[in-house]
Amino acid sequence: MTDTHDPVEAVRHFTRFYTGRINVLGDRLLESDFSLPEARVIFELGHCDGMSARDLADMLGLDPGYLSRLLNGLKRRGIVTRSVSEADRRRHVLALTDDGRSALDGLQEKSRSEVSAVLEPLGQEARRDLVSTLRKAENLLGGESAAGKPVPVIRPHRVGELSWALARQAMLYEQEYGWDGGFELTLLKIGREFLESYNPDDDCLWIAEVDGLVAGSAAVVRDGAETARLRIVYVEPDARGLGLGHKLVGACLDFARSRGYRDMVLSTYSVLSAARRVYQAAGFSLYAEEDEQVYGQSLTAQHWRRDLA
């Protein structure tokens with residue numbers, strides 16, 4: 001009999017139980033045409049644009065030679081492409097093709113259906129307990145990376161968190177860039193528009209959480225019949241260096257695609273160099289800019305766009 005009081009045996013017992021429930025032990029994941037490693041590559045490329053093979057190997061902890069064979073197989077099948085980065089011609093980046101995007105959508109739909117079936121017998125209180133327990137387990141087991149950094153969680157917002165994110169962004173931009181109260185007024189208008197027009201089929205606000213605390217945000221709102229707008233993007237100073245900006249923008253792009261948007265736009269200022277690097281890595285292109293006297297500063301407003309079709 002397994003001694004579930006022994007931490008090692010308890011983890012092994014749960015692993016056997018859960019992998020059996022969600023059926024990940026077969027040659028093909030979720031009755032698809034892909035193995036588990038292939039599916040994981042597809043998932044990461046679908047959520048983090050502008051990644052090189054080296055970036056992907058580091059993220060997944062895979063041997064570069066093994067990953068190279070995986071990628072070659074996916075390229076032969078028309079799932080993945082490799083091209084020169086527009087931002088840095090010395091760098092080659094990976095991306096999903098249209099067939100790759102379709103494969104990702106199929107895998108995610110099947111995965112959600114399978115997990116939903118596992119959760120079906122649970123009531124709301126039991127589901128809340130499960131989510132809390134899973135977060136605690138993730139923090140305990142993976143809360144510290146090899147570099148000693150906590151693992152963030154990207155999740156939908158809860159009541160009150162929009163106001164918190166707006167207030168923090170106003171305070172940080174005053175401290176870091178000297179922007180005056182006019183910026184806070186702009187943020188309050190954006191927040192009011194979000195709440196008054198919020199439709200979960202069109203809009204979302206993603207929250208980055210680290211150690212149970214809000215560490216950043218990013219929102220998607222409708223900006224036209226087929227256009228989404230990226231807004232309310234910020235990351236707490238203590239959480240910078242964890243890739244939160246990339247993760248938040250990736251979650252917004254994924255949401256926008258799932259809702260059928262054809263493109264995404266955003267407006268920012270040239271002085272926000274770290275944010276610009278995130279947008280460039282996510283595939284956005286600058287299409288217009290103009291000088292403005294705003295927030296007590298002389299700033300260059302920039303407008304960016306990314307095709308989602």
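Higher on the page you've got the structure.
Quick summary incoming for the structure in this document. (Residues numbered from 1 in each chain as written. Predicted model: local features only at pLDDT ≥ 70, side-chain atom pairs only at ≥ 80, totals over all residues. Heavy atoms only, no water.)

**Re the nonpolar core**
Link 1 in the chain: Core analysis: the biggest nonpolar cluster contains 30 residues, and Val 220, Leu 230, Leu 244, Val 249, Met 264, Tyr 279 and Phe 284 have the highest contact counts within it.
Link 2 in the chain: Those elements giving two or more residues to this core turn out to be β4 (204–210), β5 (213–222), β6 (227–235), α9 (244–258), β7 (263–269) and α10 (273–281).
Link 3 in the chain: With 8 residues, α9 is the largest single contributor of residues to this core.
Link 4 in the chain: If we ignore the near neighbours within four places in the chain, the residues touching Phe 284 are Leu 230, Val 249, Leu 253, Met 264, Leu 266, Tyr 279, Trp 304, Arg 305 and Arg 306.
Link 5 in the chain: Counting 24 residues, the second-largest nonpolar core is a separate cluster that includes Ala 165, Phe 194, Tyr 269 and Leu 272. (Core = buried A, V, L, I, M, F, W, Y, C linked by side-chain atoms within 4.5 Å. Buried < 20%, exposed > 50% of the residue type's maximum accessible area, 1.4 Å probe, protein only. Helix = DSSP H or I, 4+ residues; strand = E, 2+ residues; numbered from the N terminus. Contact = heavy atoms within 4.5 Å.)

**Some words on the packing of α9 against α10**
Link 1 in the chain: Two numbers describe how α9 lies on α10: the axes approach to 10 Å, and their chain directions differ by 45 degrees. With respect to α10, the axis of α9 lies oblique. For the crossing formed where α9 meets α10, the hand is right-handed. The residues of α10 that touch α9, namely those facing Gly 245, His 246 and Val 249, are Val 278, Tyr 279 and Ala 281.
Link 2 in the chain: Its residues assigned to classes, the contact of α9 with α10 comprises 4 nonpolar, 2 polar and no charged. (Axes fitted to C-alpha atoms, helices over the stretch in contact; angles between N-to-C directions. Parallel < 35°, antiparallel > 145°, perpendicular 65-115°, else oblique. Left-handed = near helix turned anticlockwise from the far one by under 90°. Nonpolar A, V, L, I, M, F, W, Y, C, P; charged D, E, K, R; others polar.)

**Examining the packing of helix α7 (residues 161–177) against helix α8 (residues 181–197)**
Link 1 in the chain: Running from N to C, α7 and α8 point in directions that differ by 160 degrees, and their axes come no closer than 9 Å. It follows from the interaxial angle that α7 and α8 lie roughly antiparallel. Classified by chirality, the crossing of α8 by α7 is right-handed. For the pair α7 and α8, contact is made by Leu 162, Leu 166, Gln 169, Ala 170 and Tyr 173 and by Phe 183, Glu 184, Leu 187, Gly 191, Phe 194 and Leu 195, respectively.
Link 2 in the chain: Partitioning the contact of α7 with α8 into residue classes produces 8 nonpolar, 2 polar and 1 charged.

**A few points about the packing of aromatic side chains**
Link 1 in the chain: As enumerated under the stated definition, the model contains 11 aromatic pairs in all.
Link 2 in the chain: With centroids separated by 5.4 Å and ring planes inclined at 70 degrees, the aromatic side chains of Tyr 173 and Tyr 177 adopt a geometry described as edge-to-face. Placement of both Tyr 173 and Tyr 177 in helix α7 is noted, with a separation of 4 residues, approximately one turn of the helix.
Link 3 in the chain: You can call Tyr 173 buried: its relative accessible area is 10%.
Link 4 in the chain: In this structure Tyr 177 comes out as partly exposed when scored by relative accessible area, which is 27%.
Link 5 in the chain: Relative to Phe 183, the ring of Tyr 173 lies with its centre 5.1 Å away and its plane at 5 degrees, an arrangement referred to as stacked. One end of the pair, Tyr 173, is in helix α7; the other, Phe 183, is in helix α8, and 10 residues separate them in sequence.
Link 6 in the chain: Judged by its relative accessible area of 8%, Phe 183 falls in the buried class. (Phe/Tyr/Trp six-rings, centres within 6.5 Å; stacked < 30°, edge-to-face > 60°.)

**Examining the sheet that holds β7**
Link 1 in the chain: Spatial ordering of the open sheet is given by β3-β4-β5-β6-β7-β9-β8, a layout of 7 strands whose pairing is mixed. Looking along the sheet, the strands with just one partner apiece sit at the ends: β3 (153–156) and β8 (285–294). Within the sheet, the average angular offset between the axes of one strand and its neighbour, ignoring direction, is 25 degrees.
Link 2 in the chain: Bridge analysis of β6 against β7 gives 3 bridges, and the strand direction is parallel. Across the sheet, residue Arg 229 finds its bridge partner in β7, namely Val 265.
Link 3 in the chain: In the packing of α9 onto the sheet, contacts are made with β3, β4, β5, β6, β7 and β9 (297–307), and the angle to β4 comes to roughly 150 degrees. (Pairing = 2+ DSSP bridges.)

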